[in-house]
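Structural description and commentary
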Amino acid sequence: MEHAAPGTASATVVAPALPAPIGLLAELTHRCPLKCPYCSNPLELERRAGELDTATWKRVLSEAAALGVLQVHLSGGEPTARRDIVEITRHCAETGLYSNLITSGVGLRPGLLEALSDAGLDHVQLSVQAADAAVADDIGGLAGAHATKLAFAEKVVALGLPLTLNAVIHRANIASIGDLVELALRMGAKRLEIAHVQYYGWAFANRAALMPGREAVVAAMAVVEDARVRLKGRLVIDAVLPDYYARYPKACVGGWGRRSINVSPTGKVLPCHAAETIPDLVFWSVREHALAEIWARSPAFEAFRGTGWMKEPCRTCERREIDFGGCRCQALAFAGDAAATDPACHRSPLHAQMVAIAEADARAEAPYRYRGYSSMPA
């Protein structure tokens, strides 16, 4: 089988049995005006000097379209910190990729949102930290951010762009989910994502400050279900529940190496956000390999793709092609083995330990360790 030379876009190496990815998360930069303590970026943030240039991102996006990717999530950090965000967005439109801007709504230069709309931006996903301004600004670590978000959302709706609100749920805001629902309605959002914190990266480091109690989680689920029924046809509400109080694990990004590609600011290609926490994985870069080659052949994507890597009880479990083993990074964190059963599953010997840790952290009091370059490990 032939492969393109490093850095070229001509390779088509996907094996016939391997499905094409449908989504690409383009982490354009780790720079961000907010300091959220649950940020999904790695603790070792990538510096601006190492970011991919415009031409390389455009090549990667063209390769993604050729590979079969349908939608691109322009993310970060804060993607609008890139001076070339309009050019990148326009390239998505030109290559037929549906573009979703995942943004804090803070720090945009004047006229940028209008320019993005003119360039063909399809959708905006705005993060909100809480419904109350003071609480939201404390979580994000930036005074006045919440008010800026409200004004930004108003512009998004006025331009006719679809708006999704994303609210990461934890101890500080879990009791006000009903207020977040009402906020979404007032802001003109069509969709609200209630995403309980997934504890890796910065969230893992802040677990004792973020973990809610089981009773609060159960109550929050009831609020979400009531709102779904009450607002059917007006607001779509998606909910991602916390693994620490689950009975079964979730399929990591739809299954490792099955549906999604994550490209870091410096060009490393990952099967999921937190994959770099697994120390023995080898991640190929778009600087040296075509995206199709990485999808089909890179060691990191092949490591936990499918079910052949599984140990018992996963290997013979009837859910093995539903959750595809759950989270490998979580298995590593608890068991010291990325191929172990995800402790979110009640069949894991470590499940009780996970629940006990959650309950202990929910009772703990700890300050936020804010996300940022200055708070990175030495």
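Our structure is the block above this text.
Residues numbered from 1 in each chain as written. Predicted model: local features only at pLDDT ≥ 70, side-chain atom pairs only at ≥ 80, totals over all residues. Heavy atoms only, no water.

Observations regarding the sheet that holds strand S7 (residues 236-240)
- Overall, mixed pairing links the nine strands, which are arranged S7-S6-S5-S4-S3-S2-S1-S8-S9 in an open sheet. Every other strand in the sheet has two partners, leaving S7 and strand S9 (269-270) as the edge strands with one partner each.
- Sheet analysis places strand S6 (residues 191-196) next to S7, joined by five bridges and oriented parallel. Counterpart to Leu192 in the pairing with S7 is Ile237.
- Sheet strands in contact with helix H9 (residues 214-230) are S6 and S7, and its direction is about 155 degrees off that of S7. (Pairing = 2+ DSSP bridges. Helix = DSSP H or I, 4+ residues; strand = E, 2+ residues; numbered from the N terminus. Contact = heavy atoms within 4.5 Å. Axes fitted to C-alpha atoms, helices over the stretch in contact; angles between N-to-C directions.)

Some remarks on the packing of aromatic side chains
- Under the defined criterion, the tally for this structure stands at six aromatic pairs.
- Ring geometry for Phe304 and Trp309: centres 5.1 Å apart, planes at 85 degrees, overall edge-to-face.
- Under the relative-accessibility criterion, Trp309 is labelled buried at 15%.
- By the ring-pair criterion, three or more aromatic residues cluster together here, those being Tyr199, Tyr244 and Phe334.
- Above the plane of the ring of Trp295 lies Arg305, whose end atom (NZ or CZ) is 4.8 Å from the centre.
- The aromatic ring of Tyr248 is capped on one face by Arg319, whose charged end is 4.0 Å from the ring centroid. (Phe/Tyr/Trp six-rings, centres within 6.5 Å; stacked < 30°, edge-to-face > 60°. Buried < 20%, exposed > 50% of the residue type's maximum accessible area, 1.4 Å probe, protein only. Lys NZ or Arg CZ within 6 Å of the ring centre and 35° of its normal.)

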